Amino acid sequence: MTLDVPYLDLLGSALGVLLTLLVFSYLLGDHFLVRLVFYGYIGLMAGFAVVIAFNSVLYPLLLQPLIDDPLAGWMQVAVPLLLSGLLCFKVSTRLSRIGNLSLAFLVGVSLAALIGGAIQGTLMPQLSAVISPFDLERSSVAAADRFSGLIEGFLILFGTVATLAYFHFGARPRFSGSARRLEWIEALSWVGQIFIAIALGLIFAGLLRAGFVALVERVQVLLNFVITLQQGF
Amino acid sequence: MEAQRCPMCGRVNPPGLEVCQYCQARLKPLWVEPPQDSSPSIEVGSTRARTPSASNEPLLPDWLLESRLDLGGESSPRMSEQDDSEQPLSEEASADEERFGGLFSDELGETEEDVPEWLRSLRDESESDQGVTATAAIEEGSEPIPFWLDFEEGKAEESPSEAPPSEKVLPFHEMPFEGLDLEDESLLSEITAEAKPISAEEPQTVPPFETLEPFLLEEQPSFPPQEQGVPPQPSASTLQERASLSPEAAEDWMSEIPSWLDALPGQDWEEGETAAPETPPEFLEGIVPPFVETEEELSDIEFPAWLGQIESTLEPQLESLMDTLTPAETETLLQEESLGEISQEQPAQSLAQEEIPVEVVGPLHGLRGILPAEPLVAEQKKPSKALSELLVTDKQRAQAELFLKLIEEEGKPKPMPSPKRARPHILWRMLIFFALFAGAILGFVQPQFATPPQELSVGVFDAMQAVNQLPAQASVLLVVDIEGQDFAEMQATTAAMLDQMMIKGAFFVLVSANQSGALQADRLLREVSRLSGHQYQPSSGWVNLGYLPGGVAGMQAFSQSLTEVLPFTIDGEVAWQNDRLRNIRTLSDFDLVVVITEDSTRARQWVEQLKGHVLESRLLFAVSAQVEPLIRSYYEANPRQIQSVLAGIRDGAIYETQTARPGWAMKLWGAYTLVVLTAIALILVGSVFYAVLALLNRPQAQGEGKER
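Okay, so let's go over this structure. Everything quoted here is computed from the prediction, not taken from an experiment. Here the residue numbers are simple positions, counted from 1 along each chain's written sequence. As a convention, the first chain written is A and the first ligand written is 1, with the rest following in written order. It should be noted that, the model being predicted, local features are given only for residues of pLDDT at least 70 and side-chain atom pairs only at 80 or more, the latter also being counted only at that level, while totals for whole chains, interfaces and linings use all residues. To get the side-chain values, take all heavy atoms of the structure and skip hydrogens and water.

Here we look at the overall build of chain B
At step 1: Only runs of H or I of at least four residues qualify as helices and only runs of E of at least two qualify as strands under DSSP, and these elements are numbered from the N terminus. Of regular secondary structure, chain B possesses 25 helices and 8 strands.
At step 2: In chain B, 71% of the contacts between residues at least 6 apart in sequence involve partners at least 24 apart.
At step 3: Looking at chain B as shown, the accessible area adds up to about 42,000 Å², and 56% of this sits on carbon and sulfur atoms. Only heavy atoms enter the contact rule, under which two residues are in contact if any of them lie within 4.5 Å. Each accessible area value is a Shrake-Rupley result obtained with a 1.4 Å probe; residue values ignore everything except the protein chains displayed when judging cover.

So, in structure tokens, the structure goes:
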């Protein structure tokens, strides 16, 4: 028995509609069907991750070399396999220290890449971007717009400093035992809060917009399903 | 030898020590009874006094040693006489023992330790008293007795039980019963119950002089005032000796002052000299009458006039009353008067004397009041049973009951107050949902309500320029790091750009740094190809390299040598042997690199790791609207780190509008616009509503704050 493609698409669409309605039913509160959908999604993603890890990592990088050329394959995978095997000792609380070597290797490499990338890719370019508006000779902005660029540069610099001042937690102790930041840092941090609030407002607005797009897309799926049903029957 | 316990502090000392190593109290008495004298039980009428020898009491004065030696020589006839007097009593006692089963017998095996302390002191005192009275009884027929002693004897014979020993002797001293409530009736009844057998037994054997104190049997010597503080109490033997002496000899004995007493200070007064009578100070003369001792002195006193008037009125009445009495009644009244005077003096005097203990051992044997604390402290060996019982007052009992009640209440489980959970505002949820849902439906049904975006943003312009500059059959690397829930937005954002690339015949290489990204990338290209009418298929239109493991490290490794990190496609085929990819060895070989993500962290990591490996002019970012504020700083920096940024459905709709190819973004744009407007309206209405509500509740809140 075979099903035609339109029926399969309709069945898939019906399943999608059903799951969508179940998710929408969360408006009435948490219940079994909603949890069933959530847990099903989490389980599906976990199973999919295992399959992806095997297909994308284990098989091509570990098994395939051994199958193709065992001698050369062993030479290739010996060190990664040893380090991976040491990680298995992390399961045991008594022998977990053996796996620290592999874990240290992973953390060290990851941190090195992260810090190096952050310094070269974010910190230094952003510092340069903040300073560059004040370099009038090397500025790419036209001469007519240099004044506005200079003002923009001041604004960016002030916003950056004010935002960083908000995260300055150094304070001097007082006779009363309390600690309070310096007055000018306190005032600067108050201005920094405004910049942070604007940035977080933008992020929240973007989150809402993304959510609205998802809602609109689900509504379109429901409408298409209804239209398909109307057209089909 | 056994360890010995200190009678003072109660601590155990090693054997052989004579002094306690903790409190320096003497552990062994100075004089120990001979073994043959300790065995006999206490007999009624006999004394436990021992006659010390001169060898073991070298400190005794000569006159005391002589008197005791003399008494020792007369002890045997005294004891024989005493035995004769006790013979009929022993028969009666044996009959009583048979009747009471030997309950009150001393031969029940009652040891010295079983006897309570107060009973032992009672027996000691009664023994000493009986010894004194026995010596007085011996001399009863031979010596003349003073008139007051005669009266006392007759009184004792007439009513021997008027002053029983149990009433005279107070068994409660200070130290053994310290802390006891002597007013407790139960305790007193218990003590009197223990004392009853003695009081019931002793009246049969009390001699006529038992109730008399030793000091009554001696004449008061005229000691100087400074010696009266420590009066030497004569022992029984001394009293016996004095009683046997004639009045002249007694005077000689009294006038004979021992040598040790002669050496005391203040002895230089003349013999026969008496102490001067006490005279009031000069300032009290005329205010306080002098002490009157004789009737002659009384007649010299001048009484006030009002007292004389009373006397003058009472005397005739008394004389008339005396005339009416008969001689017999007058004699009776005189006797009663004399008896009343003696009985009034006796209790206080006897009580004061009975409270003073008599020494029974050592050089001070027979003396009273020399070491008053010794029998109370040194002889305490066995605490009374009453001491082990907890004495609780009513107040303490009430407090203890209250404390126990509090403990019980604390131990009872108390129901936990159910936390107040915020009720889900289902009504508000449903209202907001249906408003947004209605806006979306209306947007789909009536798309003309939303006008398409016309203005061209800088980011879209740069993106269009970069796509337009792509050569034909260009190779494009698509980094797709999106999750399923954001697929619609990312599709709307990138659909127009991908459509333009497909028009140019670009070949796509797909890679993803998250596990579901590979499938989402494949789905994205399929959907764009389907909606835009292209015939793009895998391997001919794109190669999916799949999942890039390792996070940041994987990105860095991929940026440095992509062919070694990801040699195979997601289908297991060799990726870099495709004809379209033969010239690709590094990232810089791609004509364009597009990063599509909805994660700000992942976007920043890709920017950081791709820097230096991809030209900025060939790097595009298509991100979600929520990532735009963070990624835009890389785009608007000077110099730029990325060529362009497409953010959200708006930039996608602009791209489609500019290219005049409405696609996925424009399909959703109408509904999206109405939903956003509805959301803005709801936010405004909700803000105004809660602001008004807060203003209305402000006076009430201020009132509650003032009350607090």
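Considering the environment of Ala-440 of chain B
At step 1: Along the chain, Ala-440 of chain B falls in helix H16 (residues 426–445).
At step 2: If we skip the residues at most four places from it in the chain, Ala-440 of chain B touches Val-219 of chain A together with Ala-671 and Val-675 of chain B.

Some points on the pattern of salt bridges
At step 1: Take a side-chain nitrogen of Lys or Arg and a carboxyl oxygen of Asp or Glu: if they are within 4 Å of each other, that pair is a salt bridge. The tally for this structure, following the rule as stated, stands at 15 salt bridges over all chains.
At step 2: Residues Glu-186 of chain A and Arg-181 of chain A are paired through a salt bridge, measuring 3.3 Å at the closest nitrogen-oxygen approach.
At step 3: One salt bridge connects Arg-397 of chain B with Asp-394 of chain B, and the closest N-O pair in it is separated by 3.2 Å. A residue pair is termed a helical-turn pair when its members lie 3 or 4 positions apart in one helix, as Arg-397 of chain B and Asp-394 of chain B do in helix H15 (residues 394–411) at 3 residues.
At step 4: We call a residue buried when its accessible area falls under 20% of the maximum for its residue type, exposed when it is over 50%, and partly exposed in between, using a 1.4 Å probe and counting protein chains only. The class for Arg-397 of chain B is partly exposed, based on a relative accessible area of 39%.
At step 5: A cluster of three or more residues bridged by salt bridges with shared partners is formed by Glu-455, Arg-650 and Asp-651 of chain B.

With respect to the interface of chain B and chain A
At step 1: At the junction of the two partners, chain B supplies 51 residues and chain A supplies 45 residues.
At step 2: The contact between chain B and chain A buries some 4,200 Å² in all, and 71% of this surface belongs to carbon and sulfur atoms.
At step 3: Across the contact surface, chain B and chain A share 0 salt bridges.
At step 4: Here a polar contact is taken to be a pair of N or O atoms separated by no more than 3.5 Å, where protein atoms must pair a possible hydrogen donor with a possible acceptor and residues adjacent in sequence count only if both atoms sit in side chains. Applying the counting rule to chain B against chain A returns 6 residue pairs in polar contact (both at pLDDT 80 or more).
At step 5: When residues of the side of chain B that touches chain A are traced back to their parent elements, those giving at least two are H16, helix H18 (487–503), helix H20 (551–560), helix H22 (600–610), helix H23 (628–635) and helix H25 (664–707) of chain B.
At step 6: Broken down by element, the side of chain B that touches chain A gets its largest block of residues, 9 residues, from H16 of chain B. Once two parts are brought into contact, the accessible area they lose, counted with a 1.4 Å probe and summed over both, makes up the buried area.

Brief notes about the packing of helix H3 (residues 70–87) of chain A against helix H4 (residues 100–131) of chain A
Residues and elements named next belong to chain A.
At step 1: Between the N-to-C directions of two axes lies an angle of 0 to 180 degrees, each axis being a line fitted to C-alpha atoms and, for a helix, fitted only over the stretch in contact. At a minimum axis distance of 7 Å, the contact between H3 and H4 shows a crossing angle of 115°. Here H3 is positioned roughly perpendicular relative to H4, judged by the angle of their axes. Side by side, H3 and H4 meet where Leu-83, Leu-86 and Leu-87 of the first sit next to Leu-101, Ser-102, Leu-103, Phe-105 and Leu-106 of the second.
At step 2: Classes in brief: Ala, Val, Leu, Ile, Met, Phe, Trp, Tyr, Cys and Pro nonpolar; Asp, Glu, Lys and Arg charged; the others, Gly included, polar. Considering only residue class, the contact of H3 with H4 consists of 7 nonpolar, 1 polar and no charged. Convention used here: angles under 35 degrees read as roughly parallel, angles over 145 as roughly antiparallel, angles from 65 to 115 as roughly perpendicular, and any remaining angle as oblique.

Points about the side chain of Asn-13 of chain B
Residue and element names in this part refer to chain B.
At step 1: Structurally, the position occupied by Asn-13 is in strand S2 (residues 12–13).
At step 2: When its relative accessible area of 1% is taken as the criterion, Asn-13 is described as buried.
At step 3: Engagement of the side chain of Asn-13 in a polar contact is seen with the backbone nitrogen of Gln-21, the distance being 3.0 Å.
At step 4: With near-sequence residues (within four places) excluded, Asn-13 lies in contact with Ala-3, Gln-4, Cys-6, Cys-20, Gln-21, Tyr-22 and Leu-27.

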